[in-house]
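Structure at a glance
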Amino acid sequence: MTAQILDGKQLAQQIRTELKQKITLTQASPELAVIIVGNDPASEIYVRSKEKACQEVGIKVETFRLTSDISAEELNELIDLLNNSSAVNGILVQLPLPRHLNPQEILTRIKPEKDVDGFHPLNTGLIIQKQPSAFIPCTPKGILRLIHTVKQDLSGLNAVVIGRSQVVGLPVSHLLLNENCTVTIAHSKTKNLSEICKKADILIASVGKPEFVTEDFIKPDAIIIDVGINRTNDGIKGDVKYNEASEKASYITPVPGGVGPMTIAMLLENTYEAFLKQNRS
Ligand code: GUN
């Protein structure tokens with residue numbers, strides 16, 4: 001049987017429409033500051049999609065385009081300025097940063113209550129402690145939202161996450177653990193990867209290698225979440241060999257149109273939440 005598609009594009013559109021309606025009713029507009037350093041073409045594309053999505057729902061967005069030779073001190077000065085601006089509700093530093101800038105140091109400079117990407121160590125800690133006040137990183141949050149459209153109770157399921165990045169692999173593993181999944185985090189040093197993946201009721205592929213996950217990784221009726229966006233000569237490919245996987249899985253996210261649009265929708269949601277929290281006092 002062929003898997004059903006987990007349509008991230010459609011769900012993201014629904015979330016954006018609802019957010020737009022809520023923002024129309026607010027007195028002021030939420031505002032997001034985006035910082036992009038250097039001219040990585042993929043980052044440029046992502047930032048433009050984020051800007052467009054913000055504008056569509058009524059979030060003001062100001063983008064700071066900085067040259068790749070900017071120093072950590074100068075970048076931190078800009079972050080301090082935005083931290084202290086009452087007009088700015090959310091701050092996002094697009095990753096990756098040029099090599100001379102330490103991303104952990106830069107991301108830690110952002111005020112946790114404006115950290116709409118959820119990358120500040122305080123927000124990481126709040127997730128581990130299951131505190132509802134945490135900002136949850138956008139891609140992991142979008143993945144959970146998609147899974148919940150087809151399965152509410154994840155308790156006791158085997159979840160395997162391939163990839164241990166700070167942006168996706170680690171936070172999504174914590175979210176699944178918080179939902180009582182039995183979580184295995186696999187990575188480049190993992191032995192017998194396909195055997196491990198074959199036990200997964202939920203398989204999250206965040207590898208960065210086109211069509212890395214093949215049919216022999218997949219348990220029948222598994223839920224497959226493909227985080228990959230790999231540019232190849234044959235166009236954009238996910239981390240999962242879609243045709244093979246969809247023959248075995250029960251649900252699968254397409255690439256494009258699966259996780260990607262959800263990441264942006266969750267950024268909008270986090271920015272709106274930041275705005276509400278900052279205006280609640
Ligand atoms: N680079 C790749 N994914 C992301 C993300 O979710 N946020 C930021 N800031 N940079 C990224």
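Residues numbered from 1 in each chain as written. Predicted model: local features only at pLDDT ≥ 70, side-chain atom pairs only at ≥ 80, totals over all residues. Heavy atoms only, no water.

**Quick look at the site of the ligand**
Taken together, Lys50, Leu92, Val93, Gln94, Leu95, Asp117, Phe119 and Val167 make up the full set of residues near the ligand. Between the ligand and Val93, the relevant distance is 2.9 Å, taken from a nitrogen atom to a main-chain nitrogen or oxygen of the residue. Asp117 places a polar side-chain atom, nitrogen or oxygen, 2.5 Å from a nitrogen atom of the ligand. Protein chains bury 83% of the 280 Å² of accessible surface belonging to the ligand in isolation. (Near = heavy atom within 4 Å. Polar contact = N/O pair within 3.5 Å; in protein donor to acceptor, adjacent residues only side chain to side chain. Areas by Shrake-Rupley, 256 points an atom, 1.4 Å probe, with all protein chains shown as cover.)

**Structural notes on a negative patch on the surface**
The grouping of Asp69, Glu73, Glu74, Glu77 and Glu105 at the surface amounts to a negative patch. Tracing the backbone shows Glu73 in helix H3 (residues 72-83). The exposure class assigned to Glu73 is exposed, which follows from its relative accessible area of 56%. (Patch = residues over 30% accessible without salt bridge, like charges linked within 9 Å, V, L, I, M, F, W, Y side chains within 5 Å. Salt bridge = Lys/Arg side-chain N within 4 Å of Asp/Glu carboxyl O. Lys, Arg positive; Asp, Glu negative; His and termini not counted. Charge placed at Lys NZ, Arg CZ, Asp CG, Glu CD. Helix = DSSP H or I, 4+ residues; strand = E, 2+ residues; numbered from the N terminus. Buried < 20%, exposed > 50% of the residue type's maximum accessible area, 1.4 Å probe, protein only.)

**Side note on the packing of helix H6 (residues 138-148) against helix H10 (residues 259-278)**
Packing of H6 against H10 brings their axes to within 8 Å, and their N-to-C directions diverge by 110°. If you check the angle between H6 and H10, you find them roughly perpendicular. Side by side, H6 and H10 meet where Cys138, Thr139, Lys141, Gly142, Ile143, Arg145 and Leu146 of the first sit next to Val259, Met262, Thr263, Met266, Leu267, Glu269, Asn270 and Glu273 of the second. (Axes fitted to C-alpha atoms, helices over the stretch in contact; angles between N-to-C directions. Parallel < 35°, antiparallel > 145°, perpendicular 65-115°, else oblique. Contact = heavy atoms within 4.5 Å.)

**So, the layout of surface pockets**
Roughly 1,300 Å³ of internal volume is contained in the largest pocket. Considering the residues around the largest pocket, the lining is formed by 48 residues, among which Tyr46, Thr139, Ile229, Gly260 and Thr263 are closest to the centre. Sorting the residues of the lining of the largest pocket by element identifies helix H2 (41-57), strand E4 (90-93), H6, strand E9 (230-232) and H10 as the ones contributing at least two each. Broken down by element, the lining of the largest pocket gets its largest block of residues, nine residues, from H2. Grouping the constituent residues of the lining of the largest pocket by class yields 26 nonpolar, 13 polar and nine charged. Taken as a whole, the second largest pocket spans an internal volume of roughly 250 Å³. Around the second largest pocket, the lining comprises 16 residues; the ones closest to its centre are Gln104, Phe119, Thr124, Gln166 and Val167. Grouping the constituent residues of the lining of the second largest pocket by class yields 10 nonpolar, six polar and no charged. (1 Å grid on protein atoms, 1.4 Å probe; cavity = no way out; pocket = protein on both sides within 12 Å on 5 of 7 lines; lining within 4 Å. Points joined across faces, edges and corners; volume = space filled by probe spheres on them. Nonpolar A, V, L, I, M, F, W, Y, C, P; charged D, E, K, R; others polar.)

**Regarding the sheet that holds strand E8 (residues 223-226)**
Sheet strands associate in pairs through backbone hydrogen bonding, adopting either a parallel or an antiparallel arrangement. Strand order in the open sheet formed by six strands is E1-E11-E8-E7-E5-E6, with parallel pairing between adjacent strands. Both outer strands of the open sheet, strand E1 (4-5) and strand E6 (182-186), are each paired with one neighbouring strand and no more. In this sheet, strand E11 (residues 251-252) lies alongside E8 in parallel orientation, the contact comprising two bridges. Its bridge partner being in E11, Ile224 is matched across the sheet by Ile252. (Pairing = 2+ DSSP bridges.)

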